[in-house]
Structures are given as structure tokens and as C-alpha cells.
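Structural overview
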Amino acid sequence: MARLLPVPAERNLPGRRHQLLKDHLMREAQQSTAAATAKSRPRRRLAFVAIPLAAGAMAAALAAGGGLFDQHSTTSPSSAVASGPSSHPRIASPAAVLLDRIATVAASKPSLAIRDDQYVRITSKAAYSSISDTDPVLRLGKPEVTQFWFSVDGSRPGLMRADGTDIKLDASPAGTDKAPALSNPTYRYLESLPTDPDKLLKKIYDETKGKGPGPDQEAFVTIGDLLKNQLVPPKASAALYKAAARIPGVTVVSDAVDAAGRHGTAVARVHDGERTEWIFDRQSLEFLGERSVMVKDTPSAKAGQVTATTAVLARTIADRLPEGWERAGAGPGAAPGRAS
């Protein structure tokens, strides 16, 4: 079925570069200014991939084979397949088809000529839920716009600008205890990742072993962090999407909305009653943002409740940090980590 589907036409691709989400440090900034009693709920991430819908027959054909846009799939991956990179199914599921198409588009993007002394600049809008001692119910906060500057090779400090406050981000030079890694990537580090999806997924499983709620979910979260929190080179981006297609439990959501109100198609994964979504524009396949939605009632949230939402507003390359960055206060490390 996957082989019968047409690859999206090159003419449908936008000329501008991909936009990239870098929202994880927003949460850290919020925590640094929140009241001491505030408690943050760990966020979970879902991957969504949009596919051009110009050919209505495509959706119809896939729907006939099991439903392309099945928003209600809650199959537990552990009930159908064992965890681990060697046990991933090779069945062309709707999610795998979408991820393969988005990978094809990602790989077709031209590589950027970026110097080591430059910065990846990300502008994003995000809102997260939190609870407190006096209010045990998850409440979604007000969306805020944040800008990030990240050193291309990690050798220079970066900067986070949020709510009128500048926070200096530590450098992460190679050969130090803050060296770039999957949990602390730089653009140069991402260029070095294996482009074979099986080798890349094995690396992710190996390096995240024993972390998070389980190997499959942790691998999914790690890939999501890399895709949305950094500017990923085209070949590495394509490999990450194909690797994500090999993780059990990935499903398709036909409609999801980012923090900027933009609708798109998503590929998602459910964990612990919460669905995390990567949202993509249906026509251009551009990454729009991420959303987390409860799929069942809990003591602190109701099914259907949005617990986190983000949107990428701009992504560029900068030659230098903005004026006045030297006066910024100390903050978290330069390379993106996982929000908590």
C-alpha cells in the first residue's frame, strides 16, 4: 500500500526553510519565576505528521485499509509487540506511511551552509499546565512567546529571552561534562547522527536505556525533543522520522491545533492517559508545533483537556547574540534538554 502512494510533488514544498520548535526551556524559565509551591506536571510528547491531501483517493484508500485518520486508536504497543529497536513492526501502518512521506520531504531540503560561529535562533509560543498545593487540578497557563539563540557548535553561550527577561545559556563544548549528546544536542552534533534509521533508533534506545517511563515512550520522546527543539539537518531529520515510524504505538490524528491556532495533521503516541502530538501543515508538511491532550479522566484532568501546546513562529540563523546579552542572568544549559 505504501508503495502505491504518490510522493508529494516538489512544487508543493515551500521555498522558505523549516520552522523549528524550541519550547523546552520555556518551562524552565516559568519554573524559575513561579511560586515555590507551584508543582509542574511532566509533559509527554506526540509526533504528528501532515501529508498533502490534494489526492482525495489517497485518504480513501488508506481509510479502506484500516483508517488513515483514526483519532481513537488506543492500542497498547506492549500488547502487540515487545519493546526495543529489534522488535519494531515493518507493517506499513497509516502512521508509518505518513512518517515516510514527511521523511521524503525533509530529505529533499537543501543543506544550509552554517558556520560554527553562528547561532540557531528559534521563536516559539507555548503554554503548559501546572498544579499547586491549593489547586490540584491541571490548569493551562497563558501562552508566552520565547526566543532562543543556540551556538551552532556549542562552544559559545546561548541566550533565552522570555517575558522581558534574558537568561544566559551555558556553552556545551566537546570534551567537557556538558558535551553535546542526544539530551543536549547542537546543530553540529545532529549532523553527526547516523542517517540509517535502524542504526539511529538503536543508538537512541541504547543511550536512553533505563530512563523515562519505558523504552518505547522514551525513544519517542527523545526523537520528538530533537525534532522540535533544534534545527535538524535534512538527512538527520529524515532518519529521525523514519526511526519514529518503527516505534510501536504510533497513530494518526486527522486534526490538531497548535498554540498559534493553526490546524494540521498529526502522528501521535499515547502514554499514561495522555496523547502527545507533533502537528504538521497538511500542504507544506512544515512542522507547526506540539500539543498534549488527555484521552482519559484522571484526578487532575479530564479527557479532551489540552495540557500543553506550542507553536513555532520563526526559525533563522543569526551571526551574533542580540545587543545587551552580556547582562543576562545565569540560566540552564545552552543545548535543549527535556522540559519537566
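Quick summary incoming for the structure in this document. (Residues numbered from 1 in each chain as written. Predicted model: local features only at pLDDT ≥ 70, side-chain atom pairs only at ≥ 80, totals over all residues. Heavy atoms only, no water.)

1. Side note on the pairing of strand β8 (residues 263–271)
Selection criterion: DSSP bridges decide pairing: two strands pair if at least two such bridges lie between them. Numbered from the N terminus, helices here are DSSP runs of H or I no shorter than four residues, and strands are runs of E no shorter than two.
Two elements, strand β7 (residues 250–257) and β8, share 6 bridges in a ladder whose sense is antiparallel. Each bridged residue has a counterpart across the sheet, and for Val252 the counterpart in β8 is Val267. Joining the antiparallel neighbours β7 and β8 is a turn of 5 residues, in which Gly261 adopts a positive phi near 85°. For β8 and strand β9 (residues 274–280), the ladder comprises 7 bridges, and the chain directions are antiparallel. Considered in β9, the bridge of His271 is made with Glu274. Counted along the chain from β8 to the antiparallel partner β9, the turn is 2 residues long, and its residue Asp272 has a positive phi close to 55°.

2. Some details on unusual backbone geometry
We count it as follows: Only protein chains enter the accessibility calculation, which uses a 1.4 Å probe; a residue whose area is less than 20% of its type maximum is buried, one above 50% is exposed, and one in between is partly exposed.
Its identity as a non-glycine residue notwithstanding, Asp163 has a phi of 55°, on the positive side. With respect to the element layout, Asp163 can be found in the loop between β5 (158–162) and β6 (165–170). Residues other than glycine seldom take positive phi values, yet Leu285 does so here, at roughly 65°. In this structure, Leu285 sits in the loop between β9 and β10 (287–294). For Leu285, a relative accessible area of 2% translates into the label buried.

3. A word on the nonpolar core
Note the threshold: Residue types Ala, Val, Leu, Ile, Met, Phe, Trp, Tyr and Cys, when buried and joined through side-chain atoms within 4.5 Å, form a set referred to as a nonpolar core. We call two residues contacting when some pair of their heavy atoms lies within 4.5 Å.
By size, the foremost hydrophobic cluster in this structure holds 37 residues, and its most contacted members are Ile223, Leu240, Tyr241 and Ile247. If you list the elements that add at least two residues to this core, you get α4 (94–107), α5 (187–191), α6 (197–207), α7 (215–229), α8 (234–244), β7 and β9. If we ignore the near neighbours within four places in the chain, the residues touching Leu240 are Leu200, Ile204, Ile223, Leu226, Leu227 and Val232. Ile114, Phe148, Met160 and Leu231 belong to the second-largest nonpolar core, a separate cluster that totals 11 residues.

4. Structural notes on α7
Using the following cut-off: To estimate how far a helix should extend, the number of its residues minus one is multiplied by 1.5 Å.
In a regular helix each residue adds 1.5 Å, so 15 residues correspond to 21 Å; α7 covers 21 Å between its end C-alpha atoms and thus fits that length. In terms of residue burial, α7 counts as a mostly covered element, since 14 of its 15 residues are buried.

5. Remarks on the pattern of salt bridges
Worth spelling out the cut-off: When a carboxyl oxygen of Asp or Glu lies within 4 Å of a side-chain nitrogen of Lys or Arg, that pair is called a salt bridge.
Under the counting rule described, the total for this entry stands at 18 salt bridges. Between Lys203 and Glu207 there is a salt bridge, with its nearest N and O atoms 2.6 Å apart. A residue pair is termed a helical-turn pair when its members lie 3 or 4 positions apart in one helix, as Lys203 and Glu207 do in helix α6 at 4 residues. Given a relative accessible area of 25%, Lys203 falls into the partly exposed group. Across the pair Glu290 and Lys228 runs a salt bridge whose closest N-O atoms are separated by 4.0 Å. Of the two residues, Glu290 is situated in strand β10 and Lys228 in helix α7; the sequence distance between them amounts to 62 residues. Both residues of the pair, Glu290 and Lys228, count as buried. Via salt bridges that share partners, Arg115, Asp117 and Asp319 belong to a single interconnected network.

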